[in-house]
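The lines below spell out each chain.
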Amino acid sequence: MCAAPSGPDRRPDHLPRSHRSVPVSSSSPAEPSASAPPAAAPRSRRISLPPFWAQILAGLVLGVVLGWVAREWSVDWLSRTLDEVGGIFVQLLRLAVGPLVFLAIAVSITNLRQVSNAARLAAQTLLWFLITSLIAVAIGLTIGLLTNPGSGSNLSAADGVAPESKGSWLDFLTGIVPTDVITPFTELNVLQIVFMAAAVGVAALKLGERAAPLITFAETSLALLQKVLWWIIRLAPIGTVGLIGRAIDQYGWDLLGDYATFTVDVYVGSLLVLFGVYPLLLWSVAKVNPLRFFRGAWPAIQLAFVSRSSVGTLPVTQKVTERLGVPREYTSFAVPFGATTKMDGCAAIYPALAAIFVAEIFGVSLGAQDYLLIAFVSVIGSAATAGLTGATVMTTLTLSTLGLPLEGVGLLLAIDPILDMVRTATNVAGQATVPVIVAAREGILDRDAYDRATSFEINDIDRDEEPAPADDRPSGAPPRAREATV
């Protein structure tokens with residue numbers, strides 16, 4: 001959030017020039033008289049809201065309390081209300097996901113024409129996605145082997161229920177290409193939407209200037225959609241009340257007993273990657289201060305934790321990455337690409353621990369080759385997790401590849417909402433970390449902007465949505481102020 005200039009010369013930028021007080025001097029109309037008292041700025045009538053993080057925290061606390069009340073005293077109307085509030089918030093996010101992914105991917109590919117060494121940047125981005133995924137899955141496997149998450153549980157094979165649908169390599173490969181252009185949007189098949197968007201983006205690049213009107217239309221449509229999504233994101237504190245309250249009401253605290261070790265493992269593994277691996281890479285590879293990264297990226301991380309949606313958080317992730325000094329042309333490619341394929345929490349740490357957990361519950365021994373297979377599936381199949389929330393598809397893909405009973409998925413679904421929060425936060429942090437690393441290695445990171453990056457308020461996003469253009473200012477001139485003084 002850009003701070004408004006302070007002092008007596010501040011003027012509201014929403015007033016026309018004719019309504020602003022202009023000091024008059026006999027010597028020069030452009031210079032205010034030293035003796036003339038400054039005009040007082042009108043008092044703003046805008047209601048000051050609490051910081052967004054405080055709203056989210058209040059939503060979390062209120063959701064826990066209301067969920068506990070609904071479960072403890074069997075308050076049916078409160079249970080239904082929490083379910084409806086959380087469901088509506090998720091449905092609003094789902095409504096924007098399909099068009100957002102399509103436009104973001106297509107526009108990001110066309111924006112690569114403005115970036116030198118675009119192919120090298122894309123290759124470096126994919127390489128670091130793979131590297132961080134391998135590190136994450138290795139951490140997940142290590143924690144699982146050290147703690148044996150399923151050994152101390154009272155769960156048994158009889159508690160598992162096979163899912164109605166499962167992920168398989170054949171479904172994954174054949175499901176990339178859609179049968180028509182409508183179904184992927186109605187059924188929210190994000191992988192197929194990504195395929196179509198990539199095809200359209202590459203075709204637009206090949207057409208050159210003839211595709212300029214279409215590209216302009218797509219960019220405008222994306223801006224409009226992101227504006228609407230900002231409005232939905234502002235409802236996150238209310239959605240938090242419903243989502244957390246519904247989880248507490250449906251599952252209660254007793255559920256955590258059987259999943260205690262597994263839950264702790266997922267959180268510890270995710271937090272190790274989030275606050276250990278990423279800062280270490282930023283410090284050692286990108287040569288930047290990790291604390292400044294978290295200061296700038298925190299709005300996206302906290303929203304991901306609450307919304308459990310990498311795609312729903314995409315506009316915020318892209319904004320914080322730009323504020324961290326990554327060029328917009330590269331950010332607009334790397335962040336949407338990462339939002340659909342970069343899933344260290346859902347596709348690396350979680351399936352590794354889930355496979356060990358299910359194997360122990362069902363009494364199946366895993367060998368070294370199985371652990372290597374888990375790593376392979378986690379890295380290559382991460383795109384299968386593309387979607388709004390959850391990692392069920394990735395879990396079924398991993399279990400079916402290892403030959404483990406798919407009834408194990410039913411065991412994990414009960415605890416999934418609680419685990420998905422930290423998984424998604426880890427996903428989003430990685431989606432912002434990799435562009436910073438690649439930009440730093442390629443010498444295109446604005447390190448001054450990175451060092452200045454600060455957290456911003458979601459509530460004030462409309463006042464700070466577009467940075468002032470710099471190409472028409474003289475070299476070395478200070479950036480434009482958001483409020484003009486005359």
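Residues numbered from 1 in each chain as written. Predicted model: local features only at pLDDT ≥ 70, side-chain atom pairs only at ≥ 80, totals over all residues. Heavy atoms only, no water.

Caption draft 1: Main features of the overall build of the protein. Counting its regular elements, the protein contains 19 helices and zero strands. Residues classed as buried in the protein amount to 50% of the 486 residues present. Per element, the accessible surface of the protein, about 22,900 Å² overall, is 62% carbon and sulfur. (Helix = DSSP H or I, 4+ residues; strand = E, 2+ residues; numbered from the N terminus. Buried < 20%, exposed > 50% of the residue type's maximum accessible area, 1.4 Å probe, protein only. Areas by Shrake-Rupley, 256 points an atom, 1.4 Å probe, with all protein chains shown as cover.)

Caption draft 2: Structural detail: helix H11 (residues 290–307). Relative to the 26 Å expected for 18 residues at 1.5 Å per residue, H11 spans 24 Å between its end C-alpha atoms, a close match to the ideal helical length. The largest bend in H11 amounts to roughly 60° and is located at Ala297, with the proline Pro299 lying one to four residues further along. The backbone nitrogen of Leu291 lies 2.9 Å from a side-chain oxygen of the residue at the head of H11, namely Asn289. (Expected span 1.5 Å × (residues − 1). Bend = angle between axes of the 7 residues up to and from the residue. Polar contact = N/O pair within 3.5 Å; in protein donor to acceptor, adjacent residues only side chain to side chain.)

Caption draft 3: Just the packing of helix H3 (residues 118–147) against helix H13 (residues 328–341), in detail. As a packed pair, H3 and H13 sit with axes 11 Å apart at the nearest point and diverge in direction by 35°. Between H3 and H13 the crossing geometry is right-handed. Contacts from Leu121, Ala122, Thr125, Leu126 and Phe129 in H3 reach Tyr330, Phe333, Ala334, Phe337, Gly338 and Thr341 in H13. The class makeup of the residues in the contact of H3 with H13 is eight nonpolar, three polar and no charged. (Axes fitted to C-alpha atoms, helices over the stretch in contact; angles between N-to-C directions. Left-handed = near helix turned anticlockwise from the far one by under 90°. Contact = heavy atoms within 4.5 Å. Nonpolar A, V, L, I, M, F, W, Y, C, P; charged D, E, K, R; others polar.)

Caption draft 4: Molecular detail of the packing of helix H1 (residues 52–72) against helix H2 (residues 76–111). Two numbers describe how H1 lies on H2: the axes approach to 8 Å, and their chain directions differ by 140°. Classed by the angle they form, the pair H1 and H2 counts as oblique. For the element pair H1 and H2, the recorded crossing hand is left-handed. Between H1 and H2, the residues in contact are Leu66, Gly67, Val69 and Ala70 and Leu78, Ser79 and Leu82, respectively. In terms of residue class, the contact of H1 with H2 is made up of five nonpolar, two polar and no charged. (Parallel < 35°, antiparallel > 145°, perpendicular 65-115°, else oblique.)

Caption draft 5: H13, seen in detail. Counted at 1.5 Å a residue, the expected span for H13 with its 14 residues is 20 Å, and the 20 Å between its end C-alpha atoms agrees. Turning to H13, its buried residues are Tyr330, Thr331, Ser332, Phe333, Ala334, Val335, Pro336, Gly338, Ala339, Thr340 and Thr341. At its buried positions, H13 is contacted by H2, H3, helix H6 (190–207), helix H12 (314–323) and helix H18 (416–441).

Caption draft 6: Spotlight on the side chain of Gln302. When you line up the elements, Gln302 lands in helix H11. Exposure remark for Gln302: the relative accessible area of 12% places this residue in the buried category. Not counting the four nearest positions on each side in its chain, Gln302 is found in contact with Phe52 and Trp53.

Caption draft 7: Main features of the environment of Pro149. Take Pro149: it is sitting in the loop between H3 and helix H4 (169–174). Spatially, the C-alpha atoms of Pro149 and Ala354 are 8.9 Å apart, while their sequence positions differ by 205 residues.

Caption draft 8: Molecular detail of the confidence of the model for the protein. Confidence in the prediction for the protein averages 79 pLDDT; 75% of positions are at 70 or higher. Between the elements of the protein, mean pLDDT differs from a low of 61, seen in H4, to a high of 95, seen in helix H10 (residues 260–284). Under a pLDDT of 50 for its full length, residues 1–35 has, in the predicted model, 41 contacts with residues more than four places off or in other chains. (pLDDT = per-residue confidence, 0-100.)

Caption draft 9: Region of the structure containing the pattern of salt bridges. Applying the stated criterion across every chain yields a total of eight salt bridges. In this structure, Asp416 engages Arg423 in a salt bridge whose closest nitrogen and oxygen atoms are separated by 3.1 Å. We note that Asp416, like Arg423, is buried. Between Asp420 and Arg423 there is a salt bridge, and its shortest N-O distance comes to 2.7 Å. Highlighted residues: Asp420 and Arg423, both in helix H18, separated by three residues, approximately one helical turn. On the accessibility criterion, Asp420 (0% relative accessible area) is buried. Each of Arg308, Asp416, Asp420 and Arg423 takes part in salt bridges that share partners, so that together they form one network. (Salt bridge = Lys/Arg side-chain N within 4 Å of Asp/Glu carboxyl O.)

Caption draft 10: Here's a closer look at the packing of aromatic side chains. For the structure on display, the rule yields nine aromatic pairs. With 5.3 Å between their ring centres and 80° between their planes, Phe293 and Phe294 make a pair best called edge-to-face. For Phe293, a relative accessible area of 0% puts it in the buried group. Judged by centre distance (5.6 Å) and plane angle (20°), the rings of Phe333 and Phe337 are stacked. With Phe333 and Phe337 both in helix H13 and four residues apart, this pair spans about one turn of that helix. Given the relative accessible area of 9%, Phe333 is considered buried. (Phe/Tyr/Trp six-rings, centres within 6.5 Å; stacked < 30°, edge-to-face > 60°.)

Caption draft 11: How the structure looks around a nonpolar patch on the surface. Among the surface-exposed residues, Trp53, Leu57, Val61 and Val65 lie close enough to one another that they form a single nonpolar patch of about 390 Å² accessible area. Mapped onto the fold, Val61 is located in helix H1. Take Val61: its relative accessible area is 48%, and that puts it in the partly exposed class. (Patch = residues over 30% accessible without salt bridge, like charges linked within 9 Å, V, L, I, M, F, W, Y side chains within 5 Å.)

Caption draft 12: Summary view of unusual backbone geometry. Here Asn148, not a glycine, exhibits a phi torsion of approximately 50°, which is positive. Relative to the assigned elements, Asn148 resides in the loop between H3 and H4. Overall, Asn148 belongs to the partly exposed group, its relative accessible area being 33%. Of note, Lys287 is a non-glycine position whose phi angle comes to about 60°, a positive value. By the secondary structure assignment, Lys287 is in the loop between H10 and H11.

Caption draft 13: Spatial organisation of the environment of Phe294. As for its position among the elements, Phe294 is in helix H11. Separated by 160 residues in sequence, Phe294 and Thr454 place their C-alpha atoms 8.9 Å apart. Sequence-distant contacts of Phe294, that is, excluding residues within four places in its chain, are made with Leu274, Phe275, Pro279 and Ile301.

Caption draft 14: Structural detail: the nonpolar core. Residues Val101, Phe262, Phe293 and Val436 are the most contacted members of the largest nonpolar core, which totals 110 residues. Judged by nonpolar contacts, the second largest core, of six residues, contains Met343, Ala347, Met394 and Leu397. (Core = buried A, V, L, I, M, F, W, Y, C linked by side-chain atoms within 4.5 Å.)

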